[in-house]
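Below, each chain spelled out in residue letters.
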Amino acid sequence: MALPIKPSNNPTPQDPNQQYDDEGLPIGIIIPKPVVEEPKKPLEVGEGIPDVSLSPQDHIDYEPELTNLRISHLSAEDVINKDYSEFIKPHEEKILQMTDWVRTVLSDRGKDAELSMARRNRGKDYLRMANELDSLLLRYVSEENIIRQKDAPLVIACVINELLGLGPIESLWEDPRISEIMVNGPKDVKIEIGGKVRQAKGAEFRDAKHLLDVCQQILGDIGREVNIQRPMADGRLPDQSRINVVHPIVAPDGPYLTIRRFPDTIFTIKELVQKQSITEEIAVEIGNLIYKGCSVIIAGGTGSGKTSALNAFSGAIPFDERVITIEDNLELRLNPTKHVLAMEAKQASASGEGSITIRDLVKNSLRMRPDRIVVGEVRDEAAYDMLQAMNTGHDGSMTTVHANDPEGAIDRLTNLISQVGDFSPERALALIAGGVDAMVIVERFEDGSRRVSNISEIPSVISSDGRLIKLEPRTLWEFRQSGTKIITDDEGNERETVVGEYVRVNNLSDSIIRKHRLDKKRDLTLTELYEISDIPKSHYED
């Protein structure tokens, strides 16, 4: 459907076959009297608007050849690879004008709450409001004639994205393949797709204020904000995705916005094997260690897949054990038929009150009669309380820590524990050796793949004359990369992938076997591990 075009005010060229008088008027033609237009009626939402029942991804086809220019129709690849800034820049003033006009109309009609609800809940409310805005803007553009007909699709899409979405990065977030969006300032947007970071050339904010306004809008929908007094904020979007915002007061090139998508699927042990993150033999070994009550720490760098690995391996916990999960943001999703209680830390309010930390929750969980405690990540003094729990009857507990190898994980835990008063490194190492049985290191490789790169046993304390001297992890398995090769994926695209193999370095020591009586308990088969760690689809599709 094309936008209606007003009659042109330009004079019509003379027809060579028509006779004209001295004043240039056609002879033998009756000239109609000028028509005086009635004043236009103010626009109102829903009144006199064309009936358009389309989703925000199906805006009116103003001209078929312009379909791929509409932001709501742009694929993530378009926004990543094409620079639309030169096209949008001349229309920035009109986009602002139209956005303000729509806000005023909605406010006059008492629809502010509906707009906010539609922005938060990307379901039927979102589609309904997008349709209404699309129709409203279509009429506004056609009656006011403020932009060219061929520019209308892109401009209208920009306005809708400003009002209902994430502005210039809306089309990126609509693509489920993109796992993370990193806005490093108004003119620098990067995304992670397929495990690799790429520049999004077509995503730009007008300026720092525009970016900050979008950040405040996102935070405002979840009851938070950033300001000079509180320049950093974390949060969780309605779809459980993580968000972090840094105010320009501490980020001169900012503000900075980072959104990490909450995965649509839950990684299980079976899926780790299918993705070649581990082998079947390793799956059986790690799964049985956890099933039989060994305490395991999963370590890795940022974005290496620690939480996904923790979620998968914690699936090996038996059904009859009471498990308490503790996280900054609820991400772990164990089988709902298991005895699982989830707790989430709480940030302080704007007044600085009401903070509930991971450490507070770990302490409280000890009063809840847990068999095991699973902490999403320890990054402060909570490491001490977690290791205390592992040393005092809560065998089989699990957590993650930022580190690139087993030695680094031990150093990291030692430093965290040492923050608790006068706690010597020797006592910290003894606490680690007594509570932790094994460490699993996950790594993101250069091809974007994530896999377990090392599995180590944590031996008993090595001492001389009763004094602790060091703690040396004992490698059980390690992934040895031999190189890379070019493969063709299912879509026919060539890409480079890592090549290597898992190598058995050591078998389990007698000390860990005796400690947990591993030889006295029946080993689960791979099929049994798959069954015990499976998550019903209904648990995460709802």
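A brief look at the structure comes next. Just so you know, the residues in each chain are numbered from 1, in the order the chain's sequence is written. Residue-level local features of this predicted model are given only where pLDDT is at least 70; pairs of side-chain atoms are given and counted only at 80 or more, and the full residue set underlies all totals for whole chains, interfaces and linings. Side-chain metrics rest on all non-hydrogen atoms present in the structure, leaving aside hydrogens and water.

### Description of the packing of helix α3 (residues 92-108) against helix α6 (residues 152-164)
What counts is decided by this rule: To get an axis, fit a line to the C-alpha atoms, keeping to the stretch in contact for a helix; angles then go from 0 to 180 degrees between the N-to-C directions. Each helix is a run of H or I in the DSSP string that is no shorter than four residues. Each strand is a run of E no shorter than two, and both are numbered from the N terminus. Note on terminology: angles under 35 degrees are roughly parallel, angles over 145 are roughly antiparallel, angles of 65 to 115 are roughly perpendicular, and the others are oblique. Here is the rule for handedness: rotate from the far helix to the near one, and if that takes an anticlockwise turn smaller than a right angle the crossing is left-handed, while a clockwise turn gives right-handed. Throughout, a contact is declared for two residues whenever any of their heavy atoms are within 4.5 Å. Throughout this entry, Asp, Glu, Lys and Arg are counted as charged residues, while Ala, Val, Leu, Ile, Met, Phe, Trp, Tyr, Cys and Pro are counted as nonpolar. The remaining residues, Gly among them, count as polar.
It is the contact of α3 with α6, at a shortest axis distance of 9 Å, that shows an interaxial angle of 50 degrees. Taken together, the axes of α3 and α6 are oblique relative to one another. Of the two possible hands of crossing, α3 and α6 adopt the one that is right-handed. Contacts between α3 and α6 pair Ile95, Met98, Thr99, Val102 and Arg103 from the former with Val155, Ile156, Cys158, Val159, Glu162 and Leu163 from the latter. The residue inventory of the contact of α3 with α6, partitioned by class, reads 8 nonpolar, 1 polar and 2 charged.

### Section: the nonpolar core
What counts is decided by this rule: By nonpolar core we mean a set of buried residues, namely Ala, Val, Leu, Ile, Met, Phe, Trp, Tyr and Cys, connected to one another through side-chain atoms within 4.5 Å. Exposure categories follow from relative accessible area, calculated using a 1.4 Å probe and restricted to protein chains: below 20% of the type maximum is buried, above 50% is exposed, and the middle band is partly exposed.
Residues Ile326, Val375, Leu413, Ile417, Ile432, Val436 and Met439 are the most contacted members of the largest nonpolar core, which totals 38 residues. For this core, the elements supplying multiple residues, two or more each, are β7 (296-300), β8 (323-327), α12 (358-365), β10 (372-375), α13 (382-391), α14 (406-418), α15 (425-435) and β12 (438-444). In contact with isoleucine 417, other than residues within four places in its own chain, are Ala383, Tyr384, Leu387, Phe423, Ala428, Leu431 and Ile432. In terms of nonpolar packing, the next biggest core, distinct from the first, is built from 37 residues, Ile282, Val323, Ala438 and Ile532 among them.

### Overview of the sheet that holds strand β3 (residues 196-199)
Stated formally: DSSP bridges decide pairing: two strands pair if at least two such bridges lie between them.
Within the open sheet, the 6 strands sit side by side as β3-β2-β1-β6-β5-β4. Their pairing is antiparallel. Because the sheet does not close on itself, it has two edges, and the strands there are β3 and β4 (232-236). Within the sheet, the average angular offset between the axes of one strand and its neighbour, ignoring direction, is 15 degrees. Strands in contact with helix α8 (residues 208-220) are β1 (178-183), β4, β5 (242-246) and β6 (256-260); relative to β5, the strand with the most contacts, it is inclined by about 135 degrees.

### Remarks on the environment of valine 442
Its place among the elements puts valine 442 in strand β12. When its relative accessible area of 6% is taken as the criterion, valine 442 is described as buried. Expressed as a C-alpha distance, the spacing of valine 442 and glycine 301, which sit 141 residues apart in the sequence, is 7.8 Å. Residues in contact with valine 442, not counting those within four places in the same chain, are Ile298, Ala299, Gly300, Gly301, Ser304, Gly305, Lys306, Ala309, Arg451, Val452 and Ser453.

### Concerning the sheet that holds β8
Within a sheet, adjacent strands bond to each other through the backbone by hydrogen bonds, running parallel or antiparallel. The sheet built from 9 strands is open, its strands ordered β9-β8-β10-β11-β7-β12-β13-β16-β17 with mixed pairing. Lying at the two open borders of the sheet, with one neighbouring strand each, are β9 (340-344) and β17 (494-504). Neighbour-to-neighbour, the strand axes of this sheet turn through a mean angle of 20 degrees, independent of strand direction. Note: β8 against β10, 4 bridges, orientation parallel. Bridge assignment links threonine 325 to a residue of β10, and that residue is valine 374. Relative to β8, α12 is tilted by about 170 degrees, and along the sheet it contacts β8, β9 and β10.

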